[in-house]
Amino acid sequence: MSSKKAKETAKLTAVNLFFILLCFVTLIPILYAVSVSFSGQNSLLSSDFSFIPKNFTWDNYKEVLFGEDIGIWFRNTVLLAVVTVTLSLSLAIPAAYCFSRRRFPGRKAILKSLVLLNSFPAILSMFAIYRLLRPMGLVNHRLGLILVYTGTMMVFSLWNTKGYFDTVPLEIEEAAHIDGANDIQVVLKIVLPLARPSIIVTGLMVLIYVWNEYIYATTFMTGEANYTLAAGLNALQATEMQGSWPVFAAASIAVSLPVLVIFFLCQKYMTSGLTAGGVKG
């Protein structure tokens, strides 16, 4: 018995060491970017590779935090993210609940069509979206980008929340109706609180998409005043005056921190969202 237990402990230790090593390997690019962001030399690759910068300086982060352009890009991205998350959830949650609870003609066909449309790469719809937005004057306008982002993430938001609503037993809603609650009260006071982990995770995924989206932002928005962070970072490195790898690395690290903080704050909901579908009898 002790020999078997020792073998299991050895296997578990080996697996843990493997995954620790794997995590360290995946963190190498991030650690190197952090090192470059504190470097006073404008070089990305050198023969004397080191994670510790030789000419340590905070100037790169000062330029990022107090740079006028990056502040504008940050505000643009926050505005797009907040509005897109709000619209996506406001439209997807009622639709997901309807598809989960109602059985109507064409329900399965609509769901399959949404999945089919969402399976095509975004680049294929670029020309069609441009032809739709241009007559309405929404090219190079935040509203046009918000509509594109909302439409793109609506399918994901609908399917993600619908899958969670499917795990909520109908008996809970029926019991609430017996106690005198109407449909609106059942949804607002019972179903939505139970689906909170799924809603938070869906909102976080939409936020990450908008925060990192590059193709639509660079295609439909021109001018530094309209750039998002993803488009602005590319422009930051492309410009002759500000083409500095340390500044670029510092900007990349700085713009990743807000999403990283939000991710860790929502981690408990992400964990509970995997198991909250079980209901005690």
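Residues numbered from 1 in each chain as written. Predicted model: local features only at pLDDT ≥ 70, side-chain atom pairs only at ≥ 80, totals over all residues. Heavy atoms only, no water.

Draft legend 1. A look at the overall build of the chain. Counting secondary structure elements, the chain contains 13 helices and zero strands. For the chain, the sequential pattern of α-helices and β-strands runs α-α-α-α-α-α-α-α-α-α-α-α-α. Among the 281 residues that make up the chain, the fraction classed as buried is 33%. Pairs at least 24 apart in sequence give 71% of the contacts found in the chain among residues at least 6 apart. Accessible surface computed for the chain: about 17300 Å², of which carbon and sulfur atoms make up 68%. (Helix = DSSP H or I, 4+ residues; strand = E, 2+ residues; numbered from the N terminus. Buried < 20%, exposed > 50% of the residue type's maximum accessible area, 1.4 Å probe, protein only. Contact = heavy atoms within 4.5 Å. Areas by Shrake-Rupley, 256 points an atom, 1.4 Å probe, with all protein chains shown as cover.)

Draft legend 2. Representation of a nonpolar patch on the surface in the model. Taken together, L21, F24, V25, L27, I30, L31, V34, F51 and I52 make up a surface patch of nonpolar side chains, about 790 Å² in accessible area. Summarising the element assignment, I52 is placed in the loop between α1 (2-37) and α2 (59-66). Of the residues examined, I52 reaches a relative accessible area of 65% and is grouped as exposed. (Patch = residues over 30% accessible without salt bridge, like charges linked within 9 Å, V, L, I, M, F, W, Y side chains within 5 Å. Salt bridge = Lys/Arg side-chain N within 4 Å of Asp/Glu carboxyl O.)

Draft legend 3. Fine view of unusual backbone geometry. Look at N140: it is not a glycine, yet its phi comes out positive at around 65°. With respect to the helices, strands and loops of the structure, N140 is situated in the loop between α5 (126-133) and α6 (142-165).

Draft legend 4. Focus on the layout of surface pockets. The space that makes up the largest pocket amounts to roughly 470 Å³. If you trace the largest pocket, you find 20 residues lining it, with S125, I129, G151, T152 and Y216 closest to the centre. Breaking the lining of the largest pocket down by element, the ones donating at least two residues are α4 (107-118), α5 and α6. Element by element, the count of residues in the lining of the largest pocket is highest for α6, at six residues. Considered as a void within the structure, the second largest pocket measures approximately 350 Å³ in volume. In terms of lining, the second largest pocket is formed by 16 residues, of which the most central are P29, I30, A33, S252 and I253. Among the elements of the structure, α1 and α12 (245-265) are those that each provide at least two residues to the lining of the second largest pocket. (1 Å grid on protein atoms, 1.4 Å probe; cavity = no way out; pocket = protein on both sides within 12 Å on 5 of 7 lines; lining within 4 Å. Points joined across faces, edges and corners; volume = space filled by probe spheres on them.)

Draft legend 5. View of the packing of helix α7 (residues 170-178) against helix α8 (residues 183-194). Running from N to C, α7 and α8 cross one another at 140°; their axes reach a closest spacing of 10 Å. As far as their axial angle goes, α8 and α7 are oblique. Here α7 and α8 pass one another in a crossing that is right-handed. Of the residues in α8, those touching α7 at I172, E173, A176 and H177 are D183, V186, I190, V191 and L194. Taken together, the residues that form the contact of α7 with α8 break down as six nonpolar, one polar and two charged. (Axes fitted to C-alpha atoms, helices over the stretch in contact; angles between N-to-C directions. Parallel < 35°, antiparallel > 145°, perpendicular 65-115°, else oblique. Left-handed = near helix turned anticlockwise from the far one by under 90°. Nonpolar A, V, L, I, M, F, W, Y, C, P; charged D, E, K, R; others polar.)

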